[in-house]
Structure formats: C-alpha cells, structure tokens
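Architecture and fold: a report
Chain by chain, the residues:
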Amino acid sequence: MNLTLNPETFVLFPLGKKRFAFLAGDVSELARPDQAQTFPHTTPLLTGVVLRRNQIVPVADVAPALVGPDAPARKFYLVLNRPGRNKAGRTAIPVTGECELTQAERLPVTGKLPPYVCGLLSLQDEIVEVLDLDRLMAAEVRS
Amino acid sequence: MKISSTRHSARPTRKRHTVILFSAGGFTFAIEAKAVDEIRETAGLATFATRLSKVEHSLIRQGRRYFVVSAARHFRIKETPTSRLMLLAGVPVGVLVDGIDRMQEIHSLQALPEAFRGEERNWYRGLTVIRGHVVPLVRPEAFLSKAEITLLNASVCTSERAAAVTA
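Rules of the game
Residues numbered from 1 in each chain as written. Chains lettered and ligands numbered in written order. Predicted model: local features only at pLDDT ≥ 70, side-chain atom pairs only at ≥ 80, totals over all residues. Heavy atoms only, no water. Helix = DSSP H or I, 4+ residues; strand = E, 2+ residues; numbered from the N terminus. Buried < 20%, exposed > 50% of the residue type's maximum accessible area, 1.4 Å probe, protein only. Contact = heavy atoms within 4.5 Å. Salt bridge = Lys/Arg side-chain N within 4 Å of Asp/Glu carboxyl O. Buried area = accessible area lost by both parts, 1.4 Å probe. Polar contact = N/O pair within 3.5 Å; in protein donor to acceptor, adjacent residues only side chain to side chain. Nonpolar A, V, L, I, M, F, W, Y, C, P; charged D, E, K, R; others polar. Pairing = 2+ DSSP bridges. Phe/Tyr/Trp six-rings, centres within 6.5 Å; stacked < 30°, edge-to-face > 60°. Lys NZ or Arg CZ within 6 Å of the ring centre and 35° of its normal.

All right, on to the overall build of chain B then. Broken down by element type, chain B carries 3 helices and 11 strands. Helices and strands in chain B line up, N terminus first, as β-β-β-β-β-β-α-β-β-β-α-β-β-α. By residue count, 43% of the 167 residues in chain B fall in the buried class. The long-range fraction of contacts in chain B, counting pairs at least 24 apart against all pairs at least 6 apart in sequence, stands at 58%.

The structure is reproduced here in structure tokens:
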C-alpha cells in the first residue's frame, strides 16, 4: 500500500506545558509584547489591542480557553492573518514561550476533540492540536 | 465586472474629524464635535424612573426634555463620579460623563477589527490613535436608539397623565 505524505508547515507555540499549532501560512509575525491597550467591549477572549505597524490589532487571549486559568505569563504575540480576511482580520495571540516552525503531515481529528481542533500533528513525543482560530473564537462567543 | 466587497477595509480613512475627548469609568472616548450641542455641569438633573437602567435622569432645557444616559452604564464599565453632561445635537439625549478632556483633530479612523463581535460594533464608529493611545470614536446614535427615545417619551406622557389625574 502506498501512503502519500502531504506535509504542511506549521507554527508550534507553547501555552504553559502544552503546545498547539497554527498553519504557518496564517501567521504573519511573532512580536514582542507591546503594551496592550483596552477599551470597553463585550467580546469574549479579547483582552485589548496592540499597535503593529500603524495597524490596530486585537489581542485574543486563548490560553484560558485552551489550558485553563493557570497558564503562565504570556511572553510574545503571534500575529495571525485570519484566512479569507483582509488586514482588519488580523489577530494577536499571546503565547507563553518561543515558537517553532515545523513541517508535518496533518492527521485527521480522532476521538472527542473540540470543534476548533482541525487536525493533529504526531511529533516525536507529543501529539499537537492544530487550531482553527475562527472556530475557537466563535465557540467562545457562543458559550 | 467589478465585484465590491462589503467587508470593512482595515485601511484607515483619511477624512479629518474634529472630536471631543471625554472620559468615563477610567477610559477615554472620542465623539465628533458636531454631534454635541452643549457641554454643561450636572446641575438641574431630575430623577427619572425608567425601565432602561442606563437612563436615571432627565433634564428640561429650553422647554425640551433630554433623557440622560450614563456613559458608564452604556459601556458596561465601572461607574465613577461624573461631572459633565454632553447634550447631543438633534436628539433629546444627554450623556453623563466623568469629564471632558479637550477638542482634538483626528486625521485617521480605522474600522473596528472584525474580531470584535459584541455590542461594541454598535457603540463605535471606529478606532483612532491619539498620541500612541487607541481611542474609540463613539456612535452618538447608539446611546439611545429611536425606539428607546419613543418608549421614553411614551412613559413621560403616561406619568404626566397620571399626575394630572391625581391632581
């Protein structure tokens, strides 16, 4: 039987002890934590905005939703271009450590995983969930 | 064939706006200067019982009743001592705020990022950056909708009729 491998490139990022992944094509930059600013709003997950190259980019702190309230301090921002959207769709995700670029084959989701997990990566000694940010944020809005 | 997108562009609009910066609950907001008729002290407010929790006072000015909205309650933020009342132009609405900072000209207005999906989409026309600080430009018509003004006017008529009957 021939298996056709179809590796894609992902950005792995840590949230506490666990790592997650986004498609590398969706990530535009890894940024140092600028001073986040905030103003009144009612959207869950969003903690404020940061200024990146004269653009106002919303900050979505997904850590509590993914690893619970005890996630360590976030050190960097991963800035994502959400697929099919213009620059108004960019979102910054605070992460707790350095990120890594990796090529791997995305495996289908097995078992009971939340709908925002759109694939799994089988790495050396860990299984990493590939996230769909749109679905993650929509799930939080609904809950 | 040209297909136009209905999505908001992230590119800031370059139109010039003169805004008034005001504060409420520790936050700074901007409102277009032309949307404000008068800024005054809070003297003369009368208690006004209503089902809308953000409206607790009214003001009679030049024979016209203004419904006074608490900015802090409107934006669902901490209530702090208020000192100024902004009377909006063209509508019988006053907005109770902590203070007025200054007038300012802004040259750039960015659409609210799409990630914001809550009530803020109604509250704000967009965001601007003033001296490195992101400031939302409020939509004056969001403080009280036409329907809410109609309901408040109706409740005034009802209470005035009841008062007349009692008298």
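Okay, back to it.
This part covers the pattern of salt bridges. All names here are of chain A. Throughout the structure, instances matching the rule amount to 19 salt bridges over all chains. Notably, a salt bridge pairs E8 with R106, separated by 3.1 Å at the nearest N-O pair. Residue E8 is found in strand β1 (residues 7-15), and its partner R106 is found in the loop between β8 (100-105) and β9 (117-122); the two are separated by 98 residues along the sequence. Residue R106 is classed as partly exposed on the basis of its relative accessible area of 26%. Each member of the salt-bridge network shares a partner with another, and the members are E29, R52, R53 and R90.

This part is about the interface of chain A and chain B. Listed by partner, the interface residues are 27 residues for chain A and 28 residues for chain B. Roughly 2200 Å² of surface becomes buried between chain A and chain B when both sides are summed, with 62% attributable to carbon and sulfur atoms. Seen at the junction of chain A and chain B, the total is 0 salt bridges. Between the two partners, chain A and chain B, sit 9 residue pairs in polar contact (both at pLDDT 80 or more). Taken together, the elements giving at least two residues each to the side of chain A that touches chain B come down to β4 (46-52), β5 (55-60) and α2 (133-142) of chain A. Grouping the amino acids of the side of chain A that touches chain B by side-chain chemistry returns 11 nonpolar, 12 polar and 4 charged.

Time to look at unusual backbone geometry. For A:N54, which is not glycine, the phi dihedral falls at a positive 65°. With respect to the helices and strands, A:N54 occurs in the loop between β4 and β5. Assessed through its relative accessible area of 73%, A:N54 is described here as exposed. The backbone of B:Q62 shows a phi angle near 50°, a positive value even though the residue is not glycine. Along the chain, B:Q62 turns up in the loop between β5 (55-61) and β6 (64-70).

Residues and elements named next belong to chain B. Strands sit in the order β3-β7-β8-β6-β5-β4 across an open sheet of 6 strands; the sheet is mixed. With one partner strand each, in any of the chains shown, β3 (36-40) and β4 (46-47) form the two edges of the open sheet. Where β5 lies against β6, 6 bridges are found, and the strand directions are antiparallel. Across the sheet, residue H57 finds its bridge partner in β6, namely V68.

Attention shifts here to the packing of aromatic side chains. Overall, the coordinates contain 11 aromatic pairs over all chains when judged by the stated rule. Aromatic pair A:F13 and A:F22: ring centres 5.1 Å apart, planes at 10°, arrangement stacked. Seen in terms of ring centroids, B:F29 and B:F75 are 4.3 Å apart; in terms of plane orientation they differ by 10°. Their pairing is stacked. Taken together, the residues span a long stretch of sequence, with B:F29 in strand β2 (residues 27-32) and B:F75 in the loop between α1 (71-74) and β7 (84-88) at a distance of 46 residues. Residues B:F29 and B:F75 agree in their burial class; the two are buried. Among the aromatic residues, those joined into a cluster by ring pairs are A:F39, B:F22, B:F29, B:F75, B:F116, B:W123, B:Y124 and B:F143. In this arrangement the basic side chain of B:R64 is found over the ring face of B:Y66, its NZ or CZ atom lying 5.4 Å from the centre.

Take the environment of A:P108 next. All names here are of chain A. Its place among the elements puts P108 in the loop between β8 and β9. What makes P108 exposed here is its relative accessible area of 62%. Remark: the alpha-carbon pair of P108 and L121, spanning 13 residues in sequence, is separated by 9.0 Å.

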